[in-house]
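In case you want the letters, here they are:
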Amino acid sequence: MDLYELSGGRLGVIAEEAEHHESPSSTMNRPTRDVSNFQRFSVATNESLQFQPCEGSTPSPTGADDGLDDDDVFKEGETEREIDKTRNLLQGKVAEMENFAGHLEEIFLTVEENFGRQEQNLEQHYNDVLQTLSQRYDERAATLEEEKKSKLEALYNQLLSCGQALDASKELIETAQEIYRSQDKRLFLKAVTPAIKRIEEFAKEETDLTLSTSLEFNTPPSDLSEVKTMMDSINVVPAPSAPVINPQMPNSASQTSLRVCWSLFSDDTVEYYELYYRPVLEDMPADSTCTPYVSKVKVKETHCTVTDLLPNAQYELWVTATNTTGISPASEKALYMTVPSPPTIKQRECSSCPEAAMIRWESGNANPVDSYTVELSKMGTDGTESGVTESIVAVPACQCLIQLQPGRRYLISVRAVNIGGPSDRSDVITVSTIGTFFHLLEDTAHPCLSISEDGFTMFYGDEELPISAMAFDDSTFTRCVAVLGDLIAVRCRHYWEVEVDDGTEFRIGVAFEDAERNSYLGANSSSWCMRHILTPTRHKYEFLHNGWSPDLRITVNPLRIGVALDYERGTLSFFNVDLEQHLHTFFHCHFQNYVYPCFSLDNTGALTVHNSIEAPEYAFI
Amino acid sequence: MALTQVSSNRCAGGFQKVFEHDSSELKCKMKFAIYLPPKAETDKCPVFYWLSGLTCTEQNFITKAGSQLAAAEHGIIVVAPDTSPRGCNIEGEDESWDFGTGAGFYVDATEDPWKTNYRMYSYVTEELPKLINTNFPADPDRKSISGHSMGGHGALICALKNPGKYKAVSAFAPICNPLQCPWGQKAFSGYLGSDRSTWEAYDATALASSYSGPQLDVLIDQGRDDQFLSASQLLPDNLIAVCSEKKIPVVFRLQPGYDHSYFFIYSFMNDHMKHHAKYLNA
């Protein structure tokens, strides 16, 4: 922050002007007296702050007696209002001043900081230079020293050999003299000739009298170019220091984009930034030869929105700052995450009852997300959206059991959430809490049972299915041509209706989820059902549990059967809906686990399930 | 018509009373039992008429059937008349237990010496309801009828002959087809004469085959070990067959191990009360 810049050059005058009476925006109509201290602050505001001593010129806010005319003080409204106005204005100005003072403090601190930094920089620079110079000096001195040593050695050697030569010639001369002086003629003759030869030879020798080394020292010019550049660079703008990349801000990411922000630690000059990013892959191969491709974006601002990314993916980002001098080191690497793709609600796996709804969805993302948020809004009784939305957050799995109010309709949607934020909303599903609603668990259907497109009518056709089509798995019924319904796991009252033909032999009722798939409905203790049998002479009805049924006759064949399940009372009742006639009730059913509606066809025919029907009054008397 | 209270006992939060009056239809003093539930203290209540079987009086039902708790719970008045006129001094009236005294068969007799007094049909369908509506907090528009054995027969024929008059009907081990069983043949020939065509007017099976009126919903419980069932006195299959054909809704339950006694009635009284309450309190 450049102080100069901030003030715009206007922070010039902080002066005490002693007798300045003119106050451009004074709202006080009192006569001014003895204005001694007048200070004007004009940073970005045009208002001036005027201080005036209080004695006598203003009524005190507490209304204390200050010597003014009583009548004046108690003049209604007018005076008080003025006082209030003035007081508010004063308070405002005081606040402004405080703000400004705070601002100034900040500026001073920053300037200090900056200066401190510059000082440090400079010190360091010069230290570097000095260090370099002394290094050079040492080097140079060492070289000279060595040279000196070698020259001296050479000279000394030369001296030695000269000395030797001297000694040799001396010896020769002495020998010659001896021979000359010898009395023995015979010895003289013997020795003289070799001696003469030697002397002749010696005389022929040339003595080298040149110095083996030069007396001059080799002084190459010093290479101080480095030092020069260092000195020069002191005054040059340094390369920027590494920027600081911000952690991801909440709600700044979208499914395919990330908004990245960073800041400069110092007041470096920067021409542009370069943001690098690459996806963080789950399984990085051991060798770093195939690292993911690093992308680069060049921006001038300190933020950037990176697009074309994958949803629910983690990215590694770092940024460098560049100016004329060079590129800063890279910032720390930050990890950002894009928001997930929205989930898809699995309509066929949702169920509801007057008190609650079970919503299931597909994540919509290949990788796991942190959690899900379920949003619901209740529709008004006149069919309009009431606009009230409730959110259930931190749902860990891809399903949620939501408490609702009976007799209403709700719009429900889901979002996937990760560190980056929530995804877009999934498609909305409408849930009605009128009556109980469920789909059939088609996975449990016997292969011979085919189910209509809308999922609520089942057929037992008379075509023979090839053996290959009889594919069974753990959950399908294998003997009884049956299917279960996905009733919501809530222990309240449930009601649904079943529509059949006169000639359809069927079994309808409820069963535990673990009812044996290779036995018939009603044959054991894990299911209760109403059974219709067609004999040649008449219609027969049974109400089966544990293989036992009461003996009864029904004279009007029910074509639309109401089934009422009451967990609390442990009862399961059947009604002829068209006649509102009660047919039979199983009492004392021990529903220790949740039960599921079950349907089977014992001969060719069809059966339709009707849902979302409010239970008639007689169903739960 | 002046009513004299014969007895009153607090029961199930209400009152079990017995009254006596001079009957204009039966030309003698008649008693009837009436249970007033707690709700009757403040509101008009619907009325459940119970017709007892052979040899019974107004006492059997109120002491043995265990109806008061359910009646109290559902807020229903229960009226149980006697099964025939008493003390008329008609010759032969006490000769058999299944004809004459205690065996009125809920018909209006046309033969002498029975035709003056033995008018139980009119008594039950006309005189008694008027009496009840006048003297008790009864809702005149909501009544239902039930009974056991001969009374079951009585309940069925009252409902079939008066479409819309009774909101609900049920029976315990009723005589379904008197035309075809010894009891019925004996009683009808005595009360109605030898022309069998006149008997059809009081035969539930015959009436069902010609019934037209608002939909009925009949609940019938029958003990499987009932000696009279095996003696072919009751013949429920005939009624069921006709109702199946004519689409009259009946749920007929054969209860294993149960006989013809009040122990049987007691065991399923609550179910019948619930059945009646569904329609009386709707």
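Residues numbered from 1 in each chain as written. Chains lettered and ligands numbered in written order. Predicted model: local features only at pLDDT ≥ 70, side-chain atom pairs only at ≥ 80, totals over all residues. Heavy atoms only, no water.

Under an unreviewed UniProt entry, the name given to chain B is S-formylglutathione hydrolase, and the source organism is Solea senegalensis. In the Sequence similarities (unreviewed entry) part of its UniProt record, chain B is described as follows: "Belongs to the esterase D family." A UniProt comment under Catalytic activity (unreviewed entry) is attached to chain B, and it reads "S-formylglutathione + H2O = formate + glutathione + H(+)". (UniProt positions renumbered as here; feature names shortened; annotations may be inferred.)

As named in an unreviewed UniProt entry, chain A is Fibronectin type III and SPRY domain-containing protein 2, taken from Solea senegalensis.

**Digging into the overall build of chain B**
Helices and strands together make up the secondary structure of chain B, namely 10 helices and 9 strands. The globule rule puts the C-alpha radius of gyration for 282 residues at 19 Å, and the 17 Å found for chain B is close to it. C-alpha extents for chain B along the principal axes are approximately 50 × 40 × 35 Å. The buried share of chain B, taken over its 282 residues, is 62%. For chain B, long-range pairs separated by at least 24 residues make up 72% of all intrachain contacts whose partners lie at least 6 apart in sequence. When the accessible area of chain B is evaluated, it comes to approximately 10600 Å², of which 48% is carbon and sulfur surface. Side-chain charges in chain B split into 25 positive and 31 negative, and the spacing between the mean points of these groups amounts to 6 Å. (Helix = DSSP H or I, 4+ residues; strand = E, 2+ residues; numbered from the N terminus. Rg over C-alpha atoms; globule rule 2.2 N^0.38 Å. Buried < 20%, exposed > 50% of the residue type's maximum accessible area, 1.4 Å probe, protein only. Contact = heavy atoms within 4.5 Å. Areas by Shrake-Rupley, 256 points an atom, 1.4 Å probe, with all protein chains shown as cover. Lys, Arg positive; Asp, Glu negative; His and termini not counted. Charge placed at Lys NZ, Arg CZ, Asp CG, Glu CD.)

**Digging into the pattern of salt bridges**
Residue and element names in this part refer to chain A. For the coordinates displayed, the defined rule picks out 31 salt bridges over all chains. The partner of Lys-540 in a salt bridge is Glu-542, and the shortest N-O contact between them spans 3.7 Å. Sharing partners across several salt bridges, the network here consists of Arg-507, Arg-531, Lys-540, Glu-542 and Asp-602. (Salt bridge = Lys/Arg side-chain N within 4 Å of Asp/Glu carboxyl O.)

**A word on helix 4 (residues 185-204) of chain A**
Over its 20 residues, helix 4 of chain A extends 28 Å from the first C-alpha to the last, a length consistent with the 28 Å expected when each residue adds 1.5 Å. At Val-192 of chain A, helix 4 of chain A shows its maximal kink, close to 35°; a proline, Pro-194 of chain A, follows between one and four residues later. (Expected span 1.5 Å × (residues − 1). Bend = angle between axes of the 7 residues up to and from the residue.)

**Some words on the packing of aromatic side chains**
Residue and element names in this part refer to chain B. Evaluated as defined, the whole model comprises 33 aromatic pairs over all chains. Ring plane angle 25° and centroid distance 5.5 Å describe the contact between Tyr-118 and Tyr-191, whose orientation is recorded as stacked. A residue pair is termed long-range when its members are at least 10 positions apart, and Tyr-118 in the loop between strand 5 (77-81) and helix 3 (120-135) and Tyr-191 in helix 5 (residues 182-192) qualify at 73 residues. Across the pair, Tyr-191 and Tyr-118 agree in class, each one buried. Each ring, one from Trp-183 and one from Phe-228, has its centre 4.9 Å from the other, and the planes form 40°; the classification is tilted. On the criterion of sequence distance, the pair formed by Trp-183 in helix 5 and Phe-228 in helix 8 (residues 227-230) is long-range, its members being 45 residues apart. Across this residue pair, the class does not change: Trp-183 and Phe-228 are buried. Aromatic rings pair up to connect Trp-50, Phe-61, Phe-172, Tyr-258, Phe-264 and Phe-268 into one cluster. (Phe/Tyr/Trp six-rings, centres within 6.5 Å; stacked < 30°, edge-to-face > 60°.)

**Thoughts on the side chain of Glu-127 of chain B**
Of note, Glu-127 of chain B is situated in helix 3. Side-chain polar atoms of Glu-127 of chain B contact the backbone nitrogen of Ser-24 of chain B, separated by 2.9 Å. (Polar contact = N/O pair within 3.5 Å; in protein donor to acceptor, adjacent residues only side chain to side chain.)

**Observations regarding the side chain of Arg-507 of chain A**
Residue and element names in this part refer to chain A. Considering the arrangement of structural elements, one finds Arg-507 in strand 22 (residues 506-512). You can call Arg-507 buried: its relative accessible area is 7%. Arg-507 has contacts with Tyr-520, Leu-521, Cys-529, Met-530, Arg-531, Leu-544, Cys-598, Phe-599, Ser-600 and Asp-602, leaving out every residue within four places of it along the chain.

**Section: the nonpolar core**
Counting 99 residues, the largest nonpolar core has Phe-32, Phe-61, Phe-105, Ile-132, Ile-145 and Tyr-191 of chain B as its most contacted members. Leaving out residues up to four positions away in the same chain, Phe-61 of chain B has contacts with Phe-48, Trp-50, Ser-52, Gly-66, Ser-67, Val-78, Ala-80, Tyr-262 and Met-269 of chain B. By size, the runner-up hydrophobic cluster in this structure holds 39 residues, among which are Leu-487, Trp-528, Ile-554 and Leu-565 of chain A. (Core = buried A, V, L, I, M, F, W, Y, C linked by side-chain atoms within 4.5 Å.)

**Some thoughts on the interface of chain A and chain B**
At the interface, 15 residues of chain A touch 19 residues of chain B. Of the roughly 1600 Å² buried at the junction of chain A and chain B (both faces included), carbon and sulfur atoms supply 55%. Together, Asp-551, Arg-553 and Thr-555 of chain A form the three largest contributors to the area buried by chain A at its contact with chain B, with a combined 39%. Among the ionic pairs, Arg-224 of chain B bridges to Asp-551 of chain A, the shortest N-O distance being 3.2 Å. Connecting chain A to chain B are 8 residue pairs in polar contact (both at pLDDT 80 or more). For the side of chain A that touches chain B, the secondary structure elements donating two or more residues are strand 25 (551-554) and strand 28 (581-586) of chain A. Among the elements that take part in the side of chain A that touches chain B, strand 25 of chain A stands out by supplying 4 residues, more than any other. For strand 25 of chain A and strand 9 (residues 250-255) of chain B, the ladder comprises 4 bridges, and the chain directions are antiparallel. Within strand 9 of chain B, the position partnered with Leu-552 of chain A by the bridge is Arg-253 of chain B. (Buried area = accessible area lost by both parts, 1.4 Å probe. Pairing = 2+ DSSP bridges.)

**Structural notes on the sheet that holds strand 18 (residues 449-451) of chain A**
In sheet architecture, strand pairing relies on hydrogen bonds along the backbone and comes in two forms, parallel and antiparallel. All names here are of chain A. Taken in spatial order, the 7 strands of this open sheet run 18-19-30-21-26-27-28, and their pairing is antiparallel. Looking along the sheet, the strands with just one partner apiece sit at the ends: strand 18 and strand 28. On average, each strand axis in the sheet is inclined to that of its neighbour by 25°, with strand direction left out of account. As judged from the 7 bridges shared by strand 21 (residues 493-500) and strand 26 (residues 560-566), these two strands associate in the antiparallel manner. For Glu-497, the partnering residue across the bridge sits in strand 26 and is Gly-562. (Axes fitted to C-alpha atoms, helices over the stretch in contact; angles between N-to-C directions.)

**What about the UniProt feature "active site" (unreviewed entry) in chain B?**
All names here are of chain B. The feature "active site" (unreviewed entry), as annotated in UniProt, sits at Ser-149, Asp-226 and His-260 in this numbering. Spanning 112 residues, the annotated positions come together in the fold, the maximum distance between their C-alpha atoms being 10.9 Å. Along the chain, Ser-149 turns up in the loop between strand 6 (138-148) and helix 4 (150-161). Setting aside residues up to four positions removed in sequence, Ser-149 forms contacts with Gly-53, Phe-172, Ala-173, Pro-174, Ile-175, Trp-183 and His-260. As for its position among the elements, Asp-226 is in the loop between strand 8 (218-223) and helix 8. Residue classification places Asp-226 among the buried positions, given a relative accessible area of 0%. Excluding anything up to four places from it in sequence, Asp-226 contacts Ala-173, Leu-234, Tyr-258, Asp-259 and His-260.

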